[in-house]
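# A closer look at the structure
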Amino acid sequence: MSYTIFTPYLIPKELQNLKAVNLGDGFILATIKKLLYPFKCEYILTSRKALTDYDIGKINSTRAVILAGANQLNDHFSIVPGLNLITLEKIKVPIIPFAIGIHGDPRQNQGMSEFTKTILKELHQRSRFTSWRCPETINYLNTYLPEMADQFLMTGCPVMYGDGGLSGISEDCNANRIIVTVTERDNFWERETQTLSFVAKHYPEAERILSLHQDFVALNQEDLITSAFNKIQSYFPKNSVKRSPFTPEALRSYAKRLGYKIFIPQSVEQCFGLYQTAFIHYGSRLHAHLWFLSQGKPSLLTHVDNRCVGFSDYLGFPLCDPSNFHNHLEQSPKNYQNIFRDKFKTMQLFTNYIKFEIL
C-alpha cells in the first residue's frame, strides 16, 4: 500500500523568491523513500503551505502521512501552516513523524505551547511509535509530554542509513577530490572563509569543490537584502547601519580565488553522484557530514547552530573549530560506521512498524 510524505524540501511557488531549496531536506526525503521500500510514496506535499480539501482527499486515499524529518520541532509546531483540529480531524490516516529534529535556534524551544501538545497527543493516538532524531529532541519531548515517552523512538537521521551506506568506501572514490560545504546565513563569513582557506592550504594539489546545498544567490537577493537592511536600520539612528559586504556572492568569489570549483546541485541524485566520487568532506552542512560518515569517508563538521549539537552528542563526533581543524585530522570514519550500524536497530524497529503494521 502507499503513503503520503510532507516535506519542507518542496518550496511553494509563492515562497520561491524568499526561501532557498535546502538539499539536506532532499537527502532526507530520498532516504526515507528507500527505507520504506517496497512501499510506494504516492504523493509528496510541501509542509510549508496550508492543506486544501483536495490535498486531504489525496492523503486519505493512502495509508499514512509521513512527516519527513527536518529541524521543525519548536514550541509552536503544527505540521503545516494554519493547521487546526478541524483540519486534523478530516485526515483519517496516521500522521507519523519520521526523524523530526528540534529547532536550531534555542529561542524557538522555550516552552511547548498547549496547541502543539494537543497536536502531538492526537498524532500519538493514531500511531504506536514516532521517530525523532537526537537526544536534544527527545529531551524536549519528554519534558512536555512525559506520558508518551515510550512512543518516542530516537532513530537518528535517515541519511545515516538510506543511500547504500554502512558498506565502506565506493570503488570509484577519488582520493584527490575534496568537498567543502558552507552555510551562508547569519554571521557566516569568518567560519566559512576559515574552512575554505584551511582546505586550500592543507590540500594544495587536490581538486577542491565548493558544494552549495542552498543557492541563496538564486533568490531575489535585492529584495531580501533591502527588507532586512530597512528592518535593522529602523532600530538605529539614520545612516548608522551599513550593508555588509560579506554576501553569498562574495564567498563564492573568495572560493574561486583559492582555486575551488563551484557546484550547485540540480538534484539530490546529482549531488549523491558527485559525493560518491569524493574522498573527504569539510564544512557546515550536517547532512553532507552524515552522508560521508555513512559511506566510511572522513568528514569534519563545523558548528552553525544547535541542530548539529544533538547529533554530536548522539553519535560522538566533534564539532570542529574552523581555525583549528588540525586537532581532528586523525579520526577514523570506520568508528562511525559501527555506531551507525548499532543505531540502525532502532531505525529498523521503526520502519518495520510502519511497513508491517501501518502500510
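Please refer to the structure placed before this passage.
In this report, the structure presented in the accompanying data block is examined. The structure presented is a predicted model; accordingly, all values stated were derived computationally and were not measured.

Now for helix α6 (residues 189–202). For α6, built from 14 residues, the straight-helix expectation of 20 Å at 1.5 Å per residue is met to within 8% by its first-to-last C-alpha distance of 20 Å. Of all 14 residues in α6, 10 are buried; the element is thus mostly enclosed. Against β7 (174–181), β8 (207–211), α8 (248–257), β10 (278–283) and β11 (299–302) lie the buried residues of α6.

A word on the sheet that holds β11. One open sheet accounts for 6 strands, arranged β9-β8-β7-β10-β11-β12; its pairing is parallel. Here the strands that pair on one side only, and so sit at the sheet edges, are β9 (261–263) and β12 (319–320). Where β10 lies against β11, 3 bridges are found, and the strand directions are parallel. Residue pairing across strands places H281 opposite S299, the latter belonging to β11. Its contacts with the sheet put α6 on β7, β8, β10 and β11, and the angle it makes with β7 is roughly 170°.

We now examine the sheet that holds strand β1 (residues 2–7). Here 4 strands make up an open sheet; going across it, the order is β2-β1-β3-β4 and the pairing parallel. Where the open sheet ends on each side, the last strands, each with one partner, are β2 (40–46) and β4 (95–98). Neighbour-to-neighbour, the strand axes of this sheet turn through a mean angle of 30°, independent of strand direction. Sitting on the sheet, helix α1 (residues 23–35) is in contact with β1, β2, β3 (65–68) and β4, with an inclination near 165° to β1. Across the sheet, helix α2 (residues 53–60) touches β1, β2 and β3, and the angle it forms with β2 is around 160°.

To continue, consider the packing of α1 against helix α9 (residues 268–277). The geometry of α1 relative to α9 is characterised by a closest axis approach of 10 Å and an angle of 90° between their N-to-C directions. Looking at the two axes, α1 sits roughly perpendicular to α9. For the pair α1 and α9, contact is made by L23, G26, F27 and A30 and by V268, C271, F272 and Y275, respectively. For the contact of α1 with α9, the residue count by class is 7 nonpolar, 1 polar and no charged.

Once that is clear, we can look at the pairing of β11. On β11, burial covers both faces: S299 and L301 on one face and L300 and T302 on the other are all buried. Taken together, β10, helix α10 (residues 286–294) and β11 constitute a β-α-β crossover, and its handedness is right-handed. Two elements, β11 and β12, share 2 bridges in a ladder whose sense is parallel. Note that in β12 the partner of T302 across the bridge is C320. Handedness of the crossover is the feature at issue here: the chain leaves β11, passes through helix α11 (residues 309–315), returns alongside β12, and the resulting connection is right-handed.

Attention now goes to the environment of C308. Structurally, C308 can be placed in the loop between β11 and α11. C308 sits in the buried class, given a relative accessible area of 4%. Separated by 24 residues in the primary sequence, C308 and S284 place their C-alpha atoms 9.2 Å from one another. In this structure C308 touches L286, L301, H303, F317 and L319, once residues within four positions along its chain are discounted.

This part covers the packing of α10 against helix α12 (residues 333–358). Axis separation between α10 and α12 bottoms out at 8 Å; the angle between their running directions is 95°. Relative to α12, α10 is oriented roughly perpendicular. In this structure, α10 uses L290, L293 and S294 to contact α12, whose residues at the interface are P333, Y336, Q337 and F340. Looking at the contact of α10 with α12, its residues break down into 5 nonpolar, 2 polar and no charged.

It is worth spelling out the nonpolar core at this point. Counting 53 residues, the largest nonpolar core has F98 and L290 as its most contacted members. Contributions of two or more residues to this core are made by β1, α1, β3, β4, α9, α10, α11 and α12. Core analysis: the next-biggest nonpolar cluster, separate from the first, contains 29 residues, V80, L83, V93 and M148 among them.

So, on to unusual backbone geometry. The step from Y37 to P38 runs through a cis peptide bond, and the omega angle for that step is 15°. Relative to the elements of secondary structure, P38 occurs in the loop between α1 and β2. Positioned with a positive phi, I79 is a non-glycine residue whose angle comes to about 75°. Tracing the backbone through its elements, the reader meets I79 in the loop between β3 and α3 (85–90). Since its relative accessible area comes to 10%, I79 is described here as buried. Even without being a glycine, A99 presents a positive backbone phi close to 65°. Among the secondary structure elements, A99 is positioned in the loop between β4 and α4 (114–126).

Scoring rules and cut-offs
- Residues numbered from 1 in each chain as written.
- Predicted model: local features only at pLDDT ≥ 70, side-chain atom pairs only at ≥ 80, totals over all residues.
- Heavy atoms only, no water.
- Helix = DSSP H or I, 4+ residues; strand = E, 2+ residues; numbered from the N terminus.
- Expected span 1.5 Å × (residues − 1).
- Buried < 20%, exposed > 50% of the residue type's maximum accessible area, 1.4 Å probe, protein only.
- Contact = heavy atoms within 4.5 Å.
- Pairing = 2+ DSSP bridges.
- Axes fitted to C-alpha atoms, helices over the stretch in contact; angles between N-to-C directions.
- Parallel < 35°, antiparallel > 145°, perpendicular 65-115°, else oblique.
- Nonpolar A, V, L, I, M, F, W, Y, C, P; charged D, E, K, R; others polar.
- Right-handed = clockwise from strand over helix to strand, strands pointing away.
- Core = buried A, V, L, I, M, F, W, Y, C linked by side-chain atoms within 4.5 Å.

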